[in-house]
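# Fold and contact review
Listed below are the residues making up each chain.
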Amino acid sequence: FVARTSTCGELRSAHAGRTVTLCGWIQYQRQGLFLVLRDFQGLTQIIIPQDEAHSHVKKLLASAPVESVVRVTGIVSLRPPGQENPKMPTGDIEVKVETAELLNSCKKLPFEIKDFVKKSEALRMQYRYLDLRSFQLQYNLRLRSQIVMKMREYLCHLHGFVDVETPTLFKRTPGGAKEFLVPSREPGKFYSLPQSPQQFKQLLMVGGLDRYFQVARCYRDEGSRPDRQPEFTQLDVEMSFVDQGGIQRLIEGLLQYCWPEEKGPITTPFPSMTYEEALADYGTDKPDTRFGMKIMDVSDFSRSLGIPFVQNALGYLHGTVKTICIPQGMRYLKNKDIESLKEIARSQFNQEIVDVVCKPDGSLKSLLTRFIGQEQQSELIQVLKMQVDDVVLLAAGEHKQVCSALGSLRLESANLLEAAGLVLRDPTAFHFLWVVDFPLFLPKEENPTELESAHHPFTAPHPSDMDLLYSDPAKVRSQHYDLVLNGNEIGGGSIRIHNAELQRFVLEKVLKEDSEVLSHLLEALEFGAPPHGGIALGLDRLISLIIGTPSIRDVIAFPKSFRGRDLMGNAPDYVTPEELEPYHIQVSWPVAEAEAKKN
């Protein structure tokens, strides 16, 4: 289709003697003797002719700035013996140019197009089209494309799914994340950008499509949150006549099918644990199971110690005493590190932490030694399974608060140990985990006497807990399941409520929501809705974990900044009062005054 015979990454010694035409960017040029030409596939060394007959070619190529776009035609030659470059796939050959054309010159660059050159993220995002020329971003986006294509193959060709596009302009959904509003020409009426195609995919099941998927654009107005994007992509899946195990098997097969070969195979089925187990053992509903340091419950043993603050904590409802052990902590961590861990627990969780150190002579160094004798200290070492130089962090208080605090300290301790040179988490390992049996409802932060959906209001209750829904809804488990990879939630789904009466009860009686907003869905459920369930995988997060990038912005072609801004196009931007008039909107704060100050 194009005006070239070959790419810059495909020529080998077998092509010697062939006349080729290459197009690309000048990556490097040396003293008018040769240059390196780059395109999407790789690099080729180009020899600039030095004879008088080709002086115009030499002048053009020697004077063209780096990153200019050229087309060259020449003969493939073997490099002289000893000048081969084994680091380049095309390192055995070079192209001796006969004709050249400057397709576009490049002005002075804001930064060098080299992966090893450090540049600020703000500058990279301002000139994203230049940043995209780097090998790393090219690799990221091409691998993303390959993975998504394999997902489509698996769902469409192997399992009969239908790819359906759902509307982007819709209406507000109760509960869940905050949605972006879009004004309409009807006074006072607004669209919402959907945070997921949740209602539409359920309606597709009512419509009898049976198996739906979509690579869906979703939107959440979450403000400034690190490593989150206001617009993101998810693989959205819904099936009729399915249970939780069926969805899980489908997704395990999908990930095996689309998994890049170079990352090694993944084994299925993935392990599973309940929400309560995850919280008790890891202090979080998204455990990183690549390393140990699990939370240990020492409540029963602690009762006999007679330590005042411990006895006080155990006297409360849901009172507990738990620990984590930092292996070889004294060898790798400084005192200031341990103090910083205690400060994290204090400031973020309002939780006091006591550290216990096992000294080389087998005795303990801790505040606890004020309250317990030598014999009890020896028992404590046995209960905690402490070795010399281990550091134990102990917390006493309310179960959930203690677990959450220790879960956070477990991850922060791992960061400190790895910064000091101890490898705990294999960066090439991929540990998948299903977390199941979440609570259906949680107390509202602003008013704990009221309940809100733990995930969304369409999640079905656990069959064993149906009676509790009407008597004690706070204790009801849900048929929700999360997929976790290396401590990151990469997907979540549930079996849905397919009964209109049950859905209305959850909305009106439990959540105290106006069910009129969802009248279309409630009515649809009355027309023979099949049992159904689904899941959504966060593509940006999944692919960034597969590649090992520090941020999801590295796998998105044109991401937003930390504050949700497009630094390249300067969006969002102001609009004039005249443009707002058809939408019956006036900006109440003094935009004109702010603009005047800025200028």
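Residue numbering note: each chain is counted from 1, following its sequence as written. Only residues with pLDDT of at least 70 get local features here, since the model is predicted, and only at 80 or more are side-chain atom pairs given and counted; chain-wide, interface and lining totals rely on the full set of residues. Side-chain numbers here rest on the full set of heavy atoms in the structure, without hydrogens or water.

## Overview of the nonpolar core
The biggest cluster of nonpolar side chains holds 50 residues, and the ones touching the most others in it are Leu155, Leu235, Ile251, Leu255, Phe432 and Leu483. If you look at the next biggest cluster of nonpolar residues, it comprises 22 residues, including Leu305, Val354, Leu368 and Ile381. Within this scheme, the nonpolar core is defined by two criteria: the residues are buried Ala, Val, Leu, Ile, Met, Phe, Trp, Tyr or Cys, and they are joined through side-chain atoms within 4.5 Å. Only protein chains enter the calculation, and the probe is 1.4 Å; a residue is then buried if its accessible area is under 20% of its type maximum, exposed if over 50%, and partly exposed in between.

## Considering the packing of aromatic side chains
Here the distance between the centres and the angle between the planes together describe a pair of aromatic rings. Here the aromatic set is Phe, Tyr and Trp, taking the six-membered ring for Trp, and pairing holds for ring centres within 6.5 Å; pairs whose planes are under 30 degrees apart are stacked, those over 60 apart are edge-to-face, and all others are tilted. All chains considered together, the criterion is met by 10 aromatic pairs. Ring centres of Phe270 and Phe432 lie 4.4 Å apart, and the angle between their planes is 5°; this geometry places the pair in the stacked category. A residue pair is termed long-range when its members are at least 10 positions apart, and Phe270 in the loop between helix 6 (244-258) and strand 11 (272-274) and Phe432 in strand 17 (residues 432-436) qualify at 162 residues. Overall, the relative accessible area of 6% leaves Phe270 in the buried class. Under the scheme used here, helices are H or I runs from DSSP no shorter than 4 residues and strands are E runs no shorter than 2 residues, and both carry numbers assigned from the N terminus.

## Digging into the pairing of strand 21 (residues 488-495)
Pairing between two strands is assigned when DSSP locates at least 2 bridges connecting them. Bridge count between strand 20 (residues 480-485) and strand 21: six bridges; the pairing is antiparallel. Paired with Asp482 across the strands is Gly492, a residue of strand 21. As paired strands, strand 21 and strand 22 (residues 532-538) are joined by five bridges and run antiparallel to one another. The partner of Gly492 across the bridge, within strand 22, is Ala536.

## As for the sheet that holds strand 13 (residues 319-326)
The sheet built from five strands is open, its strands ordered 12-13-16-14-15 with antiparallel pairing. The open sheet has two edge strands with one neighbour each: strand 12 (296-297) and strand 15 (364-366). Bridge analysis of strand 12 against strand 13 gives two bridges, and the strand direction is antiparallel. Bridge pairing links Asp297 to Lys322 in strand 13.

## Some thoughts on the packing of helix 11 (residues 335-349) against helix 13 (residues 399-419)
In a packed pair of helices, the relevant descriptors are the angle between the two axes and the axis-to-axis distance. Angles here are taken between N-to-C directions and fall from 0 to 180 degrees, while the axes themselves are lines fitted to C-alpha atoms, restricted in helices to the stretch in contact. The N-to-C vectors of helix 11 and helix 13 enclose an angle of 145°; their axes lie 10 Å apart at closest approach. Helix-helix and strand crossings are classified by hand; for helix 11 and helix 13 the assignment is right-handed. The segment helix 11 lies against helix 13, with Asp337, Ser340, Leu341, Ile344, Ala345, Gln348 and Phe349 engaging Gln401, Ser404, Ala405, Ser408, Leu409, Glu412, Ser413 and Leu416. Any residue outside Ala, Val, Leu, Ile, Met, Phe, Trp, Tyr, Cys, Pro, Asp, Glu, Lys and Arg is labelled polar, Gly included; the first ten of those are nonpolar and the last four are charged. For the contact of helix 11 with helix 13, the residue count by class is seven nonpolar, six polar and two charged. Helix crossings are classified by the rotation of the near helix relative to the far one: an anticlockwise turn of less than a right angle makes the crossing left-handed, while a clockwise turn makes it right-handed. Whether two residues are in contact is decided by their heavy atoms: any pair within 4.5 Å suffices.

## Quick look at empty space enclosed by the protein
With a 1 Å grid spanning the protein atoms alone, the term cavity applies to any set of points in which a 1.4 Å probe fits but cannot get out, the term pocket to an open set with protein on both sides within 12 Å along at least five of seven lines, and the term lining residue to any residue with an atom within 4 Å of a point. Grid points are joined across faces, edges and corners, and a volume is the space filled by probe spheres set on the points. Per the counting criterion, the structure on display carries one cavity of 30 Å³ or more. For the largest cavity, the calculated volume is near 50 Å³. In terms of residue class, the lining of the largest cavity is made up of five nonpolar, no polar and two charged.

## Section: the side chain of Gln377
The residue Gln377 is located in helix 12 (residues 374-384) in this model. Take Gln377: its relative accessible area is 7%, and that puts it in the buried class. Here Ile372 takes part through its backbone oxygen, which lies 3.4 Å from a polar atom of the side chain of Gln377. If sequence neighbours within four positions are ignored, Gln377 has contacts with Leu364, Thr369 and Ile372. Within 3.5 Å is the distance limit for a polar contact, defined as a pair of N or O atoms, with the added protein rule that one can donate a hydrogen and the other accept it, and that residues adjacent in sequence qualify only through two side-chain atoms.

## Details of the domain arrangement of the protein
As used throughout, domain bounds are those supplied by an automatic or database domain assignment. Structurally, the protein comprises domain 1 (13-104), domain 2 (137-274 + 431-554) and domain 3 (291-420). Look at where the C-alpha atoms of domain 2 and domain 3 centre, and you get two points 37 Å apart.

## Details of the environment of Glu398
One can find Glu398 in strand 16 (residues 391-398). For Glu398, a relative accessible area of 35% translates into the label partly exposed. It is 9.5 Å that separates the C-alpha atoms of Glu398 and Gln351, two residues lying 47 residues apart in sequence. The contacts of Glu398, once residues within four sequence positions are left out, are His318 and Thr320. Looking at Glu398, its side chain comes within polar contact range of the main-chain nitrogen of Lys400, at 3.2 Å. In terms of polar contacts, Glu398 uses its side chain to reach the backbone amide nitrogen of Gln401, at 2.9 Å.

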